[in-house]
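# Overview (structure and organization)
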Amino acid sequence: MIPYGRQDVTEEDIVAVEAVLRSDFLTQGPVVPNFEAAVAARVRAARGIAANSATSCLHIACTALGLGAGDWLWTVPTTFVASANCALYCGARVDFVDIDPVTLTMCPVHLAKKLEVAERAGCLPKVIVPVHLCGLPSDMRRIGALARRYGVRVIEDASHAVGAVSQGQPVGACSHSDVTVFSFHPVKIVTTGEGGMAMTQNESLADQMAMLRSHGITRDPGRMSDQTNGSWYYEQVMLGWNYRMTDMSAALGLSQLERLDDYIAQRHVIAERYEWLLDGLPLRRPHRVAGVRSAFHLFVVQLEDAARRREAFDALRNAGVGVNVHYIPVHLHPFYRERGFAPGDFPVAESYYASALSLPIHPRLTEAEQDHVAASLRHALVS
Ligand SMILES: *Cc1c(COP(=O)(O)O)cnc(C)c1O
């Protein structure tokens, strides 16, 4: 089966991880801060806080922004469930903003209307979480402007988008947000096995998130209430969790990061080749936005005849092509339906979902494999 996404692990990566295994520290050593500094420099953020997953990063980011009981978090329905679940971890409530049918990211027009209504009703969200689906950055200029106008905080879920660039700014620079979260799961652009990082320009948010990922503990005398103790001393000053990244993971990430440009370039080569191979088929190819360079984490096509999606999916799987569907709208999962959502609530996300098919894209995908994917899809759609 040709997978839709796959990690690329080199000899250099293995040597880097092995060096940690032979060192004094497996976790909380020197490599995690090196990895944080390298990612921060790369995306022009002041700070990066590494954790054991993007899900953990979303949780500590929401907590550091003060999200709590009685608050609302808004995200898009077209995402992985983690973008919404982080609100519930904090005791807050979730609502959704429908996507734009062309870019497939949070629709600024829907957002503006929903904010206007919420303001009148006195229930503005505390946090919104736009998601850079497939690696294409959301329209952060407009979303950020709306957030500033209504006093709403913004976390970019950039799990798909490390390496993407928008209007000259790397995703992660937080030009229009408080925090940007990356995922380093093996199907994503670069991997640490499991892992994520929360980027920010705000030092105090970064310090808070760093404490929250490790039990809410500090060793910084400036943050303690009692400073009369010895150098063994630390204080717990808030309630946190154990969300730490290991040094093995960070070493893998640091080594992978050196190939980020190559990975994005290779994903663009594959995407452009797909556009050429799929020419003339009854489907919509990914949208390009002027001034925006996608990370192409996913290559999603939308079939013109949604009724044939299932048949096309099965035909491709039978031909050894590991197609997938990203994503089942979050509000349609039983857990969210039990919380009051229903089919029809977010029609753009639902109609996108009905027609979407993710084709394999990863740096090691060969031309022959890609030809096989395209030929199998052509056969499924025009026979
Ligand atoms: C993968 C993903 C996450 C979660 O990432 P983990 O590192 O697995 O926790 C969150 N949001 C989106 C959009 C994702 O694709």
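All of these numbers come straight from a predicted model, not from anything done at the bench. (Residues numbered from 1 in each chain as written. Predicted model: local features only at pLDDT ≥ 70, side-chain atom pairs only at ≥ 80, totals over all residues. Heavy atoms only, no water.)

### Let's talk about the sheet that holds strand 4 (residues 127–129)
Heads up, the condition is: We call two strands paired when DSSP finds no fewer than two bridges between them. In this text, helices come from DSSP runs of H or I with a minimum length of four residues, and strands from runs of E with a minimum of two, each type numbered from the N-terminal end. Every angle, taken between N-to-C directions, lies between 0 and 180 degrees, and every axis is a line fitted to C-alpha atoms, over only the stretch in contact when it is a helix.
Here we have seven strands laid out as an open sheet, ordered 1-9-8-5-4-2-3, and mixed in their pairing. The open sheet is flanked by strand 1 (47–51) and strand 3 (93–96), the only strands paired with a single partner. Put simply, the sheet's adjacent strands are angled 20 degrees from each other on average, direction ignored. Here strand 1 pairs with strand 9 (residues 196–200) via five bridges, running antiparallel.

### Things to note about the site of the ligand
Rules: We call a residue near a molecule or strand as soon as one heavy atom of that residue lies within 4 Å of the molecule or strand. For the purposes of these results, a polar contact is taken to be a pair of N or O atoms within 3.5 Å, where, inside protein, one atom must be able to donate a hydrogen and its partner to accept one; residues adjacent in sequence count only when each atom of the pair is a side-chain atom. Using a 1.4 Å probe, accessible areas were evaluated by the Shrake-Rupley method; residue-level cover was limited to the displayed protein chains.
In the neighbourhood of the ligand, 15 residues make up the surrounding shell, with T55, D157, H160, S183 and K188 lying closest. Within the backbone of A54, an N or O atom sits 2.9 Å from an oxygen atom of the ligand. In the complex, the protein chains occlude 92% of the 380 Å² of accessible area that the ligand would expose alone. Of all elements in the fold, only helix 3 (54–64) and helix 4 (82–89) reach the threshold of two or more residues within the shell around the ligand.

### Focus: the packing of helix 10 (residues 309–318) against helix 13 (residues 367–381)
Spelled out, the test is: Angular relationships are summarised with four words: roughly parallel below 35 degrees, roughly antiparallel beyond 145, roughly perpendicular across 65 to 115, and oblique for the angles in between. Crossing handedness is read from the near helix: turned anticlockwise from the far helix by less than a right angle, it gives a left-handed crossing, and turned clockwise, a right-handed one. Residues are treated as being in contact if the distance between any of their heavy atoms lies within 4.5 Å. Residues are grouped as follows: Ala, Val, Leu, Ile, Met, Phe, Trp, Tyr, Cys and Pro are nonpolar; Asp, Glu, Lys and Arg are charged; every other residue, Gly included, is polar.
Running from amino to carboxyl end, helix 10 crosses helix 13 at an angle of 140 degrees, the nearest separation of the two axes being 9 Å. Taken together, the axes of helix 10 and helix 13 are oblique relative to one another. Remark: the crossing between helix 10 and helix 13 carries right-handed chirality. Residue-level inspection shows E311, A312, A315 and L316 of helix 10 in contact with helix 13, the latter providing V373, S376, L377, A380 and L381. For the contact of helix 10 with helix 13, the per-class residue count stands at seven nonpolar, one polar and one charged.

### Describing the side chain of T10
Inspection of the secondary structure puts T10 in the segment before helix 1 (11–21). Within the structure, T10 has its side chain in polar contact with the side chain of R259 (distance 3.2 Å).

### Comments concerning the pattern of salt bridges
Heads up, the rule is: The term salt bridge refers to a pairing of a side-chain nitrogen on Lys or Arg with a carboxyl oxygen on Asp or Glu at a separation within 4 Å. Under the scheme applied here, a residue whose accessible area is under 20% of the maximum for its type counts as buried, over 50% as exposed, and between as partly exposed, the area being computed with a 1.4 Å probe on protein chains only.
Under the criterion given, the structure shown has 22 salt bridges. With a shortest N-O distance of 2.9 Å, D95 and K114 are connected by a salt bridge. On the criterion of sequence distance, the pair formed by D95 in strand 3 and K114 in helix 5 (residues 108–121) is long-range, its members being 19 residues apart. By relative accessible area, which is 22% here, K114 ends up partly exposed. Residue E272 is joined to R288 by a salt bridge in which the shortest nitrogen-to-oxygen separation is 4.0 Å. Residue E272 is located in helix 9 (residues 260–277), and its partner R288 is located in the loop between strand 12 (283–284) and strand 13 (292–293); the two are separated by 16 residues in the primary sequence.

None of this, on its own, says anything about what the molecule does.
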